[in-house]
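Remarks on the overall topology
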Amino acid sequence: MKNITSMPLLPLEFYLQKDAVALSEQLLGKVLCTKINGTLTSGIICETEAYAGIEDKASHAYGDRRTARTETMYQEGGISYVYLCYGIHHLFNVVCNLKDIPHAVLIRGILPLQGVRTILERRGKRILNTQSCIGPGKMSQALGISIELNGVSLTGNKVWIEDLGLTPEPEQIIVSKRIGIDYAEEDANLPYRFEAFNFSS
DNA sequence: CGTACGATCTGCT
DNA sequence: GCAGATCGTACGA
């Protein structure tokens, strides 16, 4: 039996008092896990994007647009924000910061860790390659994430994030502008996308 | 109520 | 490189 200090589960506090940009970087190397119908799948987070609240023209919450959909982002951090994109893809975000501050981090890619058989089935593939779970739609499909997980706690038993002690070297983190947000005008160029593919423990 | 469009992926050319 | 898929959300009439 492991003692409490060795629990890999990231605690609620990890998601609070922290903006989306900081969290985006800190999530690299963490392990995103889901348990869907009793099946565990997981992967190392290798690509993220920050959506930084009401001032960020790329965010659904830009201009303090508080609607039925964005309400999830306005809740206290430590929950998921899942929405349907292009009518097809369920994109998964980590809500952070405090209540009424709608910051979230889009998880854009993982390196598969557990449940690879299930991941391949969900993705409709025979073999794994480096791109299998890179891309927010592919990532969510791989982990079986759908709209049903919108607003659920990240310290519960459906979806959660673990810290196994893997960290990228700071100089190996690739920072660039976000993908697919040309409508965001000048904010489209903000350096809010983070990638890392080498981790050490 | 109508309509435009999107934090994307895939397969075909 | 590009079109098509596919539907909930947001917003204006």
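As a reminder, the structure under discussion sits directly above these lines.
Conventions used here
- For every chain, the first residue of its written sequence is number 1, and the numbers climb from 1 along that sequence.
- Lettering of chains starts at A and numbering of ligands starts at 1, both following the order in which they are written.
- For a predicted model such as this one, the threshold for reporting local features is a pLDDT of at least 70, and the threshold for listing and counting side-chain atom pairs is 80 or more; totals across whole chains, interfaces and linings nevertheless cover every residue.
- With hydrogens and water excluded, all non-hydrogen atoms of the structure serve as input to the side-chain values.
- What counts as a salt bridge is simple: a side-chain nitrogen of Lys or Arg found within 4 Å of a carboxyl oxygen of Asp or Glu.
- For helices the rule is a DSSP run of H or I covering at least 4 residues; for strands it is a run of E covering at least 2, with both sets numbered from the N terminus onward.
- Burial classes follow relative accessibility: with a 1.4 Å probe on protein chains only, a residue under 20% of its type's maximum area counts as buried, one over 50% as exposed, and anything between as partly exposed.
- Note on definitions. A residue lies near a molecule or strand when any single heavy atom of the residue is within 4 Å of it.
- Under this definition, polar contacts are N or O atom pairs within 3.5 Å; protein pairs additionally need one hydrogen-donor-capable and one acceptor-capable atom, and for neighbouring residues in sequence, both atoms have to be side-chain atoms.
- The classification used treats Ala, Val, Leu, Ile, Met, Phe, Trp, Tyr, Cys and Pro as nonpolar, Asp, Glu, Lys and Arg as charged, and all other residues, Gly among them, as polar.

**Some details on the pattern of salt bridges**
Applying the stated criterion across every chain, the model contains nine salt bridges. Measuring nitrogen to oxygen at the nearest pair gives 3.5 Å for the salt bridge that ties Arg-108 to Glu-49. Separated by 59 residues along the polypeptide, Arg-108 in strand β5 (residues 103-114) and Glu-49 in strand β2 (residues 39-52) bring together distant segments of the chain. By relative accessible area, which is 10% here, Arg-108 ends up buried.

**With respect to the protein's contact with DNA strand B**
Close to DNA strand B lie 20 residues, the nearest being His-60, Tyr-86, His-89, Asn-93 and Tyr-183. Of all DNA strand B atoms lying within 4 Å of any protein atom, the proportion belonging to sugar or phosphate reaches 53%. One of the side-chain nitrogen or oxygen atoms of His-89 is found 3.0 Å away from a sugar or linking oxygen of DNA strand B. In the model, a base nitrogen of DNA strand B is placed 2.6 Å from a nitrogen or oxygen of the Asn-93 side chain. Contributions of two or more residues to the surface near DNA strand B are made by β4 (89-96), β5 and α4 (136-142). Along the lines of polarity and charge, the residues of the surface near DNA strand B split into ten nonpolar, seven polar and three charged.

Any functional reading would require information that these geometric values do not contain.
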